[in-house]
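Results of the structural survey
Here are the chains, one letter per residue:
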Amino acid sequence: MNEIAIIEQLPVITERIKEIGINLDKRLEDLKLDSLVCTEETRKSIKELRTKLGNELKEFESQRKNIKAKINEPYETFNDAYENEIKIKYQNADLILKTKISEVENEIKNKAKTLAKEFFEEYRESKSIIQKDYLNFEEINLAIGLDSLTDKGALVKKIKDAIIEKVDNVERDLETISTMQYSDEILVEYLKHKNLSLAIKDVNDRHVILEQVQRDYQIVREVKEQEEESIAKVEEVLTAPKEEESEYLSEDEEFLTLTFTVSATRKKLKDLKQFLELGGYEYE
């Protein structure tokens, strides 16, 4: 491997950091900061000490940044040259190769998909119960990859087996549906998602609701018929012709009692009661 650079001499820095650190330890120890007591009288001198130490740190920080910049300057120059002369050229070469490889691999995958689709359509057509619009290739969700073709360019067995399994499952489901009650409705639901259990449940739930609605409707209709029948009986009695032997009733005229049951709404019953009272009828 070719060396991209030869380091002839590392940056020479005369370190006085440890020496300064030792002196700083001694100064801080002599100041006995932990035992300093800040009062109104000592507050000013303590603030001055804090400012002095802060300024010293700022000076050292300024020196550190200048040293870092001087050390990094040769590296930045080297890095720029490295990026432009080596790294970018390798990256461009890699992109060209990657593009060419992708083109070939996409061709392999497209060929595998085409062969798989042809095999699927041929096998589906062999199943008379599966109409063309019942199942399409995309619903199989095959994982088509570079390993989907043999070295000779034929479709591998695992892809064929996956297609066969899916088509056979649909065939069995359709045969089961054809034997069931509400088969047409179940088929419609099944073709939406190819889930037989869910399709059966959806249709059964729907019919449970419909049957309940029909029962409720029948009850309402029977009640209405009973009401109409009761009203008809009342009207028949009230409109029946009376036999009069003379203009006025004789003392020995026959007095009859008619007993019947009336079923109607509250309002209609009230109207009937009022009618009987106004007509002079006796009733219980």
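Before any of the text, the structure's been laid out above.
In this report, we go over the structure that sits alongside the text. (Residues numbered from 1 in each chain as written. Predicted model: local features only at pLDDT ≥ 70, side-chain atom pairs only at ≥ 80, totals over all residues. Heavy atoms only, no water.)

Right, let's talk about the overall build of the chain for a bit. Helices and strands together make up the secondary structure of the chain, namely six helices and zero strands. Each helix (α) and strand (β) of the chain, taken in turn from the N terminus, gives the series α-α-α-α-α-α. In the chain, buried positions account for 14% of the 284 residues. The long-range fraction of contacts in the chain, counting pairs at least 24 apart against all pairs at least 6 apart in sequence, stands at 55%. For the chain, the accessible surface area stands at approximately 24300 Å², while carbon and sulfur atoms represent 53% of it. (Helix = DSSP H or I, 4+ residues; strand = E, 2+ residues; numbered from the N terminus. Buried < 20%, exposed > 50% of the residue type's maximum accessible area, 1.4 Å probe, protein only. Contact = heavy atoms within 4.5 Å. Areas by Shrake-Rupley, 256 points an atom, 1.4 Å probe, with all protein chains shown as cover.)

Right, let's get into the pattern of salt bridges. Counted according to the given criterion, the structure contains 15 salt bridges. A salt bridge links K194 to E139; its shortest N-O distance comes to 2.8 Å. Taken together, the residues K194 in the loop between α4 (183–193) and α5 (196–238) and E139 in the loop between α2 (43–125) and α3 (157–178) connect sequence positions 55 residues apart. For E139, a relative accessible area of 25% gives the class partly exposed. The salt bridge partner of K192 is E189, with a shortest N-O separation of 3.3 Å. Of this pair, K192 and E189 both sit in helix α4, three residues apart, which is roughly one turn of that helix. Overlapping salt bridges bring together E185, E189, K192 and R206 as one network. (Salt bridge = Lys/Arg side-chain N within 4 Å of Asp/Glu carboxyl O.)

It is worth spelling out unusual backbone geometry at this point. Unusually for a residue other than glycine, K32 sits at a positive phi of about 50°. A residue is classified by how much of its surface remains accessible, and K32, at 55% relative accessible area, is exposed. You will see that K194, though not glycine, has its phi angle at about 60°, which is positive. Given a relative accessible area of 14%, K194 falls into the buried group.

This part covers the packing of helix α1 (residues 17–31) against α2. In contact at an axis separation of 14 Å, α1 and α2 are set at 170° when each is read in the N-to-C sense. What the angle tells us is that α1 and α2 run roughly antiparallel. Taking contact as the criterion, the partners of I20, R27, L28 and L31 in α1 are, on α2, L49, K52, L53, E56 and F60. Among the residues forming the contact of α1 with α2, the class breakdown is six nonpolar, no polar and three charged. (Axes fitted to C-alpha atoms, helices over the stretch in contact; angles between N-to-C directions. Parallel < 35°, antiparallel > 145°, perpendicular 65-115°, else oblique. Nonpolar A, V, L, I, M, F, W, Y, C, P; charged D, E, K, R; others polar.)

Right, let's get into α2. Between its first and last C-alpha, α2 extends only 98 Å over 83 residues, short of the 123 Å set by a 1.5 Å rise per residue. In α2, a bend of some 45° at E83 exceeds every other bend along the element. (Expected span 1.5 Å × (residues − 1). Bend = angle between axes of the 7 residues up to and from the residue.)

What follows concerns the packing of aromatic side chains. The relation between two aromatic rings is expressed through the spacing of the ring centres and the mutual angle of the planes. Within this structure, the stated rule accounts for four aromatic pairs. Ring centres of F78 and Y82 lie 6.3 Å apart, and the angle between their planes is 25°; on these two criteria the pair is classed as stacked. Here F78 pairs with Y82, and both are found in helix α2, just four residues apart, close to one helical turn. Its relative accessible area of 29% is what places Y82 among the partly exposed residues. Three or more aromatic residues joined by ring pairs make a cluster, and in this case those are Y75, F78 and Y82. (Phe/Tyr/Trp six-rings, centres within 6.5 Å; stacked < 30°, edge-to-face > 60°.)

In this section: the nonpolar core. Across soluble globular proteins, you tend to see nonpolar side chains buried next to one another. Counting 24 residues, the largest nonpolar core has F120, I130, I163, V167, L174, I177 and Y190 as its most contacted members. Elements with a contribution of two residues or more to this core: α2, α3, α4 and α5. The leading source of residues in this core is α3, at six residues. Non-local contacts of I163, meaning those with residues more than four positions away in its chain, are made with A116, F119, F120, I140 and L142. (Core = buried A, V, L, I, M, F, W, Y, C linked by side-chain atoms within 4.5 Å.)

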